[in-house]
Amino acid sequence: MLESYDARHNFAIYSLRVINQSSKSLLCRIWIVSHDGAATPAHSAPIEIAPFAQRTSDVPVWLEDCPSFSRAFAEIAGEGVECIVEAAAPVMEHPLATLPSVERTRSYVAAIVAGSVVAALALGAAVVSGAMPRIAAFAVPPMAIAGTTVRAEYTASGAGTLSYDVTAPDGHRVAAGTLADRSGAIPIAIPVSNDDGAYTLQLALRGPLGSAKEVRVLNTVPKGRDAAAITDISVNPVVAKPGDPVTVTYTASGTDGYVRLLGTDGTIWGQRPFSRDGKAAFVVPPVTDSRELRVQLRVTKGRTAAESSAGLVVATPARAAAAPAPVAQTDDGAAADDGANGTFALLTPRVPSGGTVHVKILSPRNGMRIGLADPQSNEVAGVNVGADQETVTLRAPQVALATRYTVVASFTDGFGQESVVEPVTVVP
């Protein structure tokens, strides 16, 4: 509206009032356009209206500087807002000069009021545009495990009430609520279930200028379906003598794995691949004293793994006190101890720290590998054995105390992966 008019100096002052109900700042620029199309700013700097604020500004326009004043326009801009509204130029010089002072002022008032109304309409359009409900983003994971909590990320703008709703596969409501912030994350707890499911998530913004809505679907699977698991494992018989067969029975879910017959010191006496029929067979090793062994089952599925074990007691008759029995000799004169396995033989059961372990191949096998394992069953040295190779040497580790290691021969037979072991002691 027109605040004042100075006829002597020929300029008018317009009052511009803007109410910004959006969450972003708006900038208003007023331009004067001459008859030749050239545009010049009517105000030296743009007028800024802060979010959720109102501002009243006085804008002077020097009419003498605009002899060819054709029209004026107001440009209102902000994030997502761009609006231009034109206004007619005030009647200049000749028509006003012939009017009395009061009528001339009234003419200026009419022109200025018209321009003020146009500017107000433009600002109103900008405010309305910023208040329109919009949902810019609503991101939900495509799949989740039942019994876990997921986060739904969102971004919205505009006037109104923002709310969310979560519906279960059977149609009942799982969660719902209103959101005070226009951006953030919604934690959604998925109920425990043994069945697959599809949950519907809805985000809605409802206000006086309309509504906006986005819907997403979250698929769920039961917890543990895709994980490796062992339900049961047993050994029959649980007490056996050296050379006796034993059967391992197990129930497990997995795609890969193994069953091992282990000594309490970590010696691997045998290994079988995991089988879906849940059975594995071993022969009790020819040990000379009673001891405990254990059967270890490990299964894997994807990135998950499960492990379980069962015990086995090896019972041997007490050895009578007598003179030492003669020691058997190999073809090259090497001593073969009581645990000779028919696959390979150690030329000496004791090796100095950092020394060499000499292994004689008695029965070459397909894909054979000879390795030296520490008490935790980790291979510290190893070599692949060729079909015509007769001896293998392994470097013993450095030790400060006498330590028992295991020479492991692994190979492939008609039933899968097979392992044969013999102990060796590394001394300082």
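A.B. asks: Could you clarify how one ought to interpret the sheet that holds strand E10 (residues 143–145) in this entry?
C.D. replies: The strands that make up a sheet pair up through hydrogen bonds in the backbone, lying either parallel or antiparallel. If you walk across this open sheet you meet the five strands as E10-E16-E15-E12-E13, and the pairing is mixed. Both outer strands of the open sheet, E10 and strand E13 (173–179), are each paired with one neighbouring strand and no more. Mean inter-strand twist for the sheet, computed between neighbouring axes without regard to direction, equals 25°. One ladder, built from three bridges, connects E10 with strand E16 (residues 210–221); its direction is parallel. The partner of Ala 144 across the bridge, within E16, is Thr 220.

A.B. asks: I'm lost on the pattern of salt bridges in this one. Help?
C.D. replies: Pairs may arise between side chains of opposite charge once their charged atoms sit close together. Inspection of the entire model under this criterion finds five salt bridges. For Arg 151, the salt bridge is made with Glu 153, and the minimal N-O distance between the two is 3.9 Å. Its relative accessible area of 52% is what places Arg 151 among the exposed residues. Its relative accessible area of 38% is what places Glu 153 among the partly exposed residues.

A.B. asks: What is the right way to read the nonpolar core from this model?
C.D. replies: In this structure, Val 248, Tyr 250 and Val 259 are the most contacted members of the largest nonpolar core, which totals 28 residues. Residue assignment for this core shows that the elements contributing at least two residues are strand E17 (229–236), strand E19 (245–253), strand E20 (256–263), strand E21 (268–273), strand E22 (279–283), strand E23 (291–301) and strand E24 (304–314). Ignoring sequence-local partners within four residues, the contact set of Val 259 consists of Val 248, Tyr 250, Gly 270, Gln 271, Arg 272, Ala 280, Phe 282, Val 295, Gln 296 and Leu 297.

A.B. asks: I'm lost on the packing of aromatic side chains in this one. Help?
C.D. replies: The geometry of an aromatic ring pair is captured by two quantities: the separation of the ring centres and the angle between the planes. Tallied over the entire structure, the rule returns one aromatic pair. Its end group placed over the ring of Tyr 258, Arg 260 keeps NZ or CZ at 4.2 Å from the ring centre.

A.B. asks: Which parts of the structure should I look at to understand the pairing of strand E15 (residues 197–207)?
C.D. replies: Along a regular strand, successive side chains alternate from one face of the sheet to the other. Bridge count between strand E12 (residues 161–167) and E15: seven bridges; the pairing is antiparallel. For Asp 165, the partnering residue across the bridge sits in E15 and is Gln 202. Sheet topology places E15 next to E16; 11 bridges connect them, and they run antiparallel. From the neighbouring strand, Ala 204 faces E16, where its bridge partner is Lys 213.

A.B. asks: Whenever I open this one, the confidence of the model for the chain confuses me. Can you help?
C.D. replies: Here the chain averages 76 in pLDDT, and 72% of its residues register 70 or above. Contacts for the low-pLDDT stretch residues 101–105, under 50 throughout, to residues beyond four places or in other chains number seven contacts. With pLDDT under 50 throughout, residues 318–339 is counted as low confidence; its partners more than four residues away or in other chains account for 20 contacts.

Conventions used here
Residues numbered from 1 in each chain as written. Predicted model: local features only at pLDDT ≥ 70, side-chain atom pairs only at ≥ 80, totals over all residues. Heavy atoms only, no water. Pairing = 2+ DSSP bridges. Helix = DSSP H or I, 4+ residues; strand = E, 2+ residues; numbered from the N terminus. Axes fitted to C-alpha atoms, helices over the stretch in contact; angles between N-to-C directions. Salt bridge = Lys/Arg side-chain N within 4 Å of Asp/Glu carboxyl O. Buried < 20%, exposed > 50% of the residue type's maximum accessible area, 1.4 Å probe, protein only. Core = buried A, V, L, I, M, F, W, Y, C linked by side-chain atoms within 4.5 Å. Contact = heavy atoms within 4.5 Å. Phe/Tyr/Trp six-rings, centres within 6.5 Å; stacked < 30°, edge-to-face > 60°. Lys NZ or Arg CZ within 6 Å of the ring centre and 35° of its normal. pLDDT = per-residue confidence, 0-100.

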